[in-house]
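Structural description and commentary
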Amino acid sequence: MAGARTQSAPPDTRDATDDALFAVRAAEGDEDAFAVLVQRHAPALIRLATSLLGTGSEAEDAVQDAFISAWRRLPEFQGRSSFGTWMYRIVTNRCLNVLRARRPVAPLEAAGDVAAAEHTTSPARITEARDAVRELREAFDLLSPEQRACWVLRELDGRSYEFISDTVGISQEAVRARVFRARRCLTQAMGAWR
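Quick caveat: nothing in here was measured; it's all calculated off a predicted structure. (Residues numbered from 1 in each chain as written. Predicted model: local features only at pLDDT ≥ 70, side-chain atom pairs only at ≥ 80, totals over all residues. Heavy atoms only, no water.)

This part covers the overall build of the chain. For the chain, the helix and strand inventory stands at eight helices and zero strands. If you list the helices and strands of the chain from N to C, you get α-α-α-α-α-α-α-α. For the chain, buried positions account for 36% of its 194 residues. Long-range contacts, defined here as pairs at least 24 residues apart, represent 67% of the contacts in the chain between residues at least 6 apart. (Helix = DSSP H or I, 4+ residues; strand = E, 2+ residues; numbered from the N terminus. Buried < 20%, exposed > 50% of the residue type's maximum accessible area, 1.4 Å probe, protein only. Contact = heavy atoms within 4.5 Å.)

Applying the stated criterion to the full structure yields nine salt bridges. Residue Asp30 is joined to Arg25 by a salt bridge in which the shortest nitrogen-to-oxygen separation is 3.0 Å. A residue is classified by how much of its surface remains accessible, and Asp30, at 23% relative accessible area, is partly exposed. On the accessibility criterion, Arg25 (40% relative accessible area) is partly exposed. Here Asp141 makes a salt bridge to Arg148, at a shortest N to O gap of 3.2 Å. Asp141 gets classed as partly exposed once you look at its relative accessible area, which sits at 29%. A single salt-bridge network, built from bridges that share partners, covers Asp18, Asp19 and Arg40. (Salt bridge = Lys/Arg side-chain N within 4 Å of Asp/Glu carboxyl O.)

Mean pLDDT for the chain: 80, with 80% of residues reaching 70 or above. Put simply, helix H5 (residues 123–142) is where the chain has its lowest mean pLDDT, 76, and helix H2 (residues 31–53) is where it has its highest, 92. Considering only residues more than four positions removed or in separate chains, one finds that residues 1–13, a stretch of pLDDT under 50, has 16 contacts. (pLDDT = per-residue confidence, 0-100.)

We now examine the nonpolar core. Counting residues in hydrophobic clusters, the biggest one holds 49 residues, and the most contacted among them are Phe34, Leu74, Phe83, Trp86, Met87 and Val91. Put simply, the parts of the chain that give this core at least two residues each are helix H1 (13–27), H2, helix H3 (56–73), helix H4 (83–101), H5, helix H6 (145–156), helix H7 (161–168) and helix H8 (172–189). With near-sequence residues (within four places) excluded, Trp86 lies in contact with Ala70, Arg73, Leu74, Phe77 and Ser81. (Core = buried A, V, L, I, M, F, W, Y, C linked by side-chain atoms within 4.5 Å.)

Our next topic: the packing of aromatic side chains. Inspection of every chain in the model, using the stated rule, returns seven aromatic pairs. Centroid distance Phe77 to Phe83: 6.1 Å. Interplanar angle 90°. Geometry classified as edge-to-face. Classification of Phe77 as buried rests on a relative accessible area of 19%. Overall, Phe83 belongs to the buried group, its relative accessible area being 2%. (Phe/Tyr/Trp six-rings, centres within 6.5 Å; stacked < 30°, edge-to-face > 60°.)

Listed below in structure tokens is the structure:
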């Protein structure tokens, strides 16, 4: 899974300062300033939401809802964190709400054991690879929304435990525990594919 991680470069200080200025202007009703913030942050937020929700349309809806919420709440934004961190928190919370509203899926034990596949490029191998990806998605769907959020932010987005703690609103120890449990669940689910 670590190979799937894409390193997101932390925003440089100038961008954070610019974001703070644009946020102040947007809070005063400057729609152009808010448009700059949306343009800067939307791609990363859509990637995050897609990783959490699994579908592009739900992800786009979640990010759009988050930006609408942010626009309405900008006068309350006090700059205790960066605008980007604030948006990550809003998007993560929105995605968690969507995940919690979904119907539960079958327990992991119902998946059963699958024999490991041969490493060839035959049609059978291609089918097995698709099955492995499907089972990984199913295992990912079995994670609690909170585990999923922490795991995605850490493993796919490459965020620090401190950033995740601020974004999700829990202690760093709780973040570490959720990431650990998510890794363990995914590793167990995919054990037959090693």
